[in-house]
Amino acid sequence: MRLNPFVYLSETDTLFYSLILVGVVVPAFWALLFGFTTGVVYFGSSALLLLVLSVVVFASIPLLIYRHYKRSSERILKDSGLMPFKESLAPEYFGYIQGFYASLPHTFTAPTLMYSDDAGASPFSFGTGKKMYIAIGTGLLVTDDSEAFKTVFLHELGHIENKDVEKTSVAISTISSLKVFLPAVLLIFILSDIYIKTGVLYYGNLSGHSMSFLFPKMQFGLFFSWVGAVGLSFVILGSIVYMLRNQIVRVREFYADARAVEWQRSSSPLEKTLIKFKTLDSKFESLRRFHPSCEERIKVTLDNSKLFSINLWIILSVGLLYGFLLSEVPSLSIIYIYGNLNSSMPLFVALSTAMAFVLFALSMFAISSEFHKLILKEQISAKTGFFSKTVLLDIVKVTIAFCVGFNLGFVISDLGAVPAYSTQLSSWVTNEFESTFSLTTLVQAIHFAIILVVLWVFGSMLARRSFSRKAARINFLAVTLFASVFYNITNPTIGRMIFGTTNLWLASVVFIAIAAFVAVKLSDRGLRCPYCHDLVHSSLNLQECPNCEKPLYSWAVYDF
Amino acid sequence: MSQESAEELTTRLSCEIVKDLAPRELPFFDNYKQKFLKNPQAFSEKDPKKKEKILGFGVGDLATQVLTSFVLPTVYDAICKYLAKRKEKKVEKLDQDQLTQIRKDAYDNAVAMGLEKGKAGLLADALVGKIMNL
């Protein structure tokens, strides 16, 4: 029995949110902190000016991304020389497409069909908002293999139905914005440094400084360390974003294939088409490609359990990102600023806490999405026990992967930050580096494992109410938020800070946990069967819709 | 005979060959013809900047299925040779050996561009047949 891949949260969501976080939020946050730092250190009361400047300059990142994204269709239409696909060109296929559109729900907005006179062009989908396009090369339009045409067309339509186009376009635009942003941020730092250090901003060129006066002021060592650190960080971030984009695109191909299989009610046409057109790539080439190999796609089409296995690489990567960003961005900057201006502390604490919360929520989202796969598999195989051996083993594996990733990210980040903060922070960084390997890490790991158990229990309860991806997304966002709040409150330092005394803090933790369980137990979301749309009352061992008796989680409804 | 005439002859013969061998491609022929007439030499060259499409189907080159993209450059090459030989020998019709050579060249040319051998044979035969009737 094949599992239905459209009822759980795929790892695409995690990858996409990570990409946005890395590509948009992090550079903007850095800019804000650096703007503050420079303003506070060098200008004193003029810090507001720097804040306004940095906000204005770096708010342009999302604007750049949005503009690039909005113009993507126009650009593709122009560059690819695409023309509207008319009935007279291939009446048989045009008729098939129109007939298929008519069979889809009315809510579906049919994409515009285009064709390319590039004979060998592979079909592809693109667009923004409601205006979507599918471009088909002449090679496919003139083929007498109608099965191949239909399969390829449905695969492309699957990308649109699965909302892949939107996410991919935003991912591409994020990379493009980084390409502009990297030189821009370096230029700003170089210029601001020159102007501030030389005092030109204060006195202008009228001061008539000689080079012998300017050079000692320039502090080239520190200057190049800053610029080097910023440049290096962006190169690393750029690479992460690039890899995330490719991974997102590759994962989405499996889902587009799955949609084609679902629509055709058989996996055989897809198999035949992939075999017919398959190319042989080396291992290295396949890493650079936007598509998994044909062999892998056929394998997943026949047995999609691979899509339901916990991906420890994702957990490790999220941990790495969490450690990398959490150590350098807020902590280091706070310490740096703290040494210079005590009065600004509350604002920076608020900023860094917000950043840490967002990062932790993302981690929780990644982990809960991964859990969701497992919960679903357990549900189908009727292993409903919350704490089976498999479950516990998976929780341990996830905890280890996340903690290893987190510590690795922390260490890498600290080492990378040493040149930038060499004079002011070398001793602090050394201490931090040493503490990374201390007993605190073990305590944190245990704390984290407890949170994962809570996450698992909540996830299990909510996953049984998620017959569609939309429901799954809402449920897991709720779980994510709860886990993030719970993690931070159960942290003794933060908890005691909020609640004052230890007793009050412990009582609050117990109260929050009980309240959350009660809320989940009492909530009735009026779940509907995805097939007959009748109300379904969820229960632990629910496998089939009580009304239409169709399986709620598997693909058995189709006679593959 | 002028270069323009060679191109005119090429497009006319190509259209007839496509009509015989791949009638499904006829609606697209005019587009290919215009692209070909813009720069006959560059028509069969592959774009080195061509990249894999994001959100495409991710399979190999589908070009082998469009006969027109092989017909135009193959016929153009054969017609140029045919016209050159006619001019050189100062004759109206070519003899059997010369036609066999044109067929062989056309076949090799099409195969070198990536066309399947069976289809390349059909294309070469059709081309020689058309040239014989000129």
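In what follows, the accompanying structure is described. (Residues numbered from 1 in each chain as written. Chains lettered and ligands numbered in written order. Predicted model: local features only at pLDDT ≥ 70, side-chain atom pairs only at ≥ 80, totals over all residues. Heavy atoms only, no water.)

What about the interface of chain B and chain A?
Turning to step 1, where the next piece is worked out: On the side of chain A, 45 residues touch chain B, which itself brings 23 residues to the contact.
Turning to step 2, where the next piece is worked out: Across the chain B/chain A interface, buried area totals approximately 3,000 Å², and carbon plus sulfur atoms make up 62% of it.
Turning to step 3, where the next piece is worked out: Applying the counting criterion to the chain B and chain A interface returns one salt bridge.
Turning to step 4, where the next piece is worked out: The partner of Arg24 of chain B in a salt bridge is Glu92 of chain A, with the nearest N and O atoms 3.4 Å apart.
Turning to step 5, where the next piece is worked out: Remark: the boundary between chain B and chain A carries ten residue pairs in polar contact (both at pLDDT 80 or more).
Turning to step 6, where the next piece is worked out: In terms of residue count, the dominant contributor to the side of chain B that touches chain A is helix H2 (residues 26-38) of chain B (five residues).
Turning to step 7, where the next piece is worked out: Here the residues of the side of chain B that touches chain A are counted per class, giving ten nonpolar, six polar and seven charged. (Contact = heavy atoms within 4.5 Å. Buried area = accessible area lost by both parts, 1.4 Å probe. Salt bridge = Lys/Arg side-chain N within 4 Å of Asp/Glu carboxyl O. Polar contact = N/O pair within 3.5 Å; in protein donor to acceptor, adjacent residues only side chain to side chain. Helix = DSSP H or I, 4+ residues; strand = E, 2+ residues; numbered from the N terminus. Nonpolar A, V, L, I, M, F, W, Y, C, P; charged D, E, K, R; others polar.)

Focus on the packing of aromatic side chains
Turning to step 1, where the next piece is worked out: In total, this model carries eleven aromatic pairs over all chains according to the counting rule given.
Turning to step 2, where the next piece is worked out: Taking the centre distance of 5.7 Å and the plane angle of 65 degrees together, the rings of Phe85 of chain A and Phe94 of chain A count as edge-to-face.
Turning to step 3, where the next piece is worked out: A residue is classified by how much of its surface remains accessible, and Phe94 of chain A, at 17% relative accessible area, is buried.
Turning to step 4, where the next piece is worked out: Ring geometry for Tyr115 of chain A and Phe28 of chain B: centres 5.4 Å apart, planes at 70 degrees, overall edge-to-face. You can see Tyr115 of chain A sitting in strand E2 (residues 112-116) and its partner Phe28 of chain B sitting in helix H2, one on each of two chains.
Turning to step 5, where the next piece is worked out: Members of the aromatic cluster, connected to one another through ring pairs, are Tyr93, Tyr96, Phe100, Tyr101, Phe149, Phe153 and Trp263 of chain A.
Turning to step 6, where the next piece is worked out: Positioned above the aromatic ring of Phe57 of chain B, the side-chain terminus of Arg297 of chain A is 4.9 Å from the ring centre. (Phe/Tyr/Trp six-rings, centres within 6.5 Å; stacked < 30°, edge-to-face > 60°. Buried < 20%, exposed > 50% of the residue type's maximum accessible area, 1.4 Å probe, protein only. Lys NZ or Arg CZ within 6 Å of the ring centre and 35° of its normal.)

Description of the pattern of salt bridges
Turning to step 1, where the next piece is worked out: The full count for this structure, using the stated rule, is 13 salt bridges over all chains.
Turning to step 2, where the next piece is worked out: Between Lys272 of chain A and Glu147 of chain A there is a salt bridge whose closest N-O contact spans 3.9 Å. Here Glu147 of chain A lies in helix H7 (residues 146-161) and Lys272 of chain A lies in helix H12 (residues 268-277), a separation of 125 residues in the sequence.
Turning to step 3, where the next piece is worked out: For Glu147 of chain A, a relative accessible area of 32% gives the class partly exposed.
Turning to step 4, where the next piece is worked out: Asp108 of chain B is the partner of Lys104 of chain B in a salt bridge, and the nearest nitrogen-oxygen pair spans 3.0 Å. Highlighted residues: Lys104 of chain B and Asp108 of chain B, both in helix H4 (residues 96-113), separated by four residues, approximately one helical turn.
Turning to step 5, where the next piece is worked out: Through salt bridges with shared partners, a single network forms among Arg12, Glu16, Asp20 and Lys130 of chain B.

Some details on the sheet that holds strand E4 (residues 131-137) of chain A
Residue and element names in this part refer to chain A.
Turning to step 1, where the next piece is worked out: With mixed pairing, the four strands of this open sheet are ordered in space as E1-E2-E4-E3. The open sheet has two free edges, formed respectively by strand E1 (83-84) and strand E3 (124-128), since each of these has just one partner strand.
Turning to step 2, where the next piece is worked out: Where E2 lies against E4, five bridges are found, and the strand directions are parallel. From the neighbouring strand, Ser116 faces E4, where its bridge partner is Gly137.
Turning to step 3, where the next piece is worked out: Packing of H7 onto the sheet brings it into contact with E2, E3 and E4, and relative to E4 it is tilted by some 155 degrees. (Pairing = 2+ DSSP bridges. Axes fitted to C-alpha atoms, helices over the stretch in contact; angles between N-to-C directions.)

Digging into the side chain of Ser69 of chain B
Turning to step 1, where the next piece is worked out: Summarising the element assignment, Ser69 of chain B is placed in helix H3 (residues 68-89).
Turning to step 2, where the next piece is worked out: Take Ser69 of chain B: its relative accessible area is 14%, and that puts it in the buried class.

A few points about the pairing of E4 of chain A
Residues and elements named next belong to chain A.
Turning to step 1, where the next piece is worked out: For E4, a buried count of six out of seven residues is recorded, marking the element as mostly surrounded by other parts of the structure.
Turning to step 2, where the next piece is worked out: Where E3 lies against E4, five bridges are found, and the strand directions are antiparallel. Across the sheet, the residue bridging to Ser125 is Ile134, located in E4.
Turning to step 3, where the next piece is worked out: Between E3 and the antiparallel strand that follows it, E4, lie two residues; Gly129 among them carries a positive phi value of about 55 degrees.

Details of unusual backbone geometry
All names here are of chain A.
Turning to step 1, where the next piece is worked out: Phi is positive for Lys163, close to 60 degrees, though the residue is something other than glycine.
Turning to step 2, where the next piece is worked out: Checked against the element boundaries, Lys163 lands in the loop between H7 and helix H8 (164-198).
Turning to step 3, where the next piece is worked out: Although it is not a glycine, Arg265 adopts a positive phi angle of roughly 55 degrees.
Turning to step 4, where the next piece is worked out: On the secondary structure map, Arg265 appears in the loop between helix H11 (220-264) and H12.

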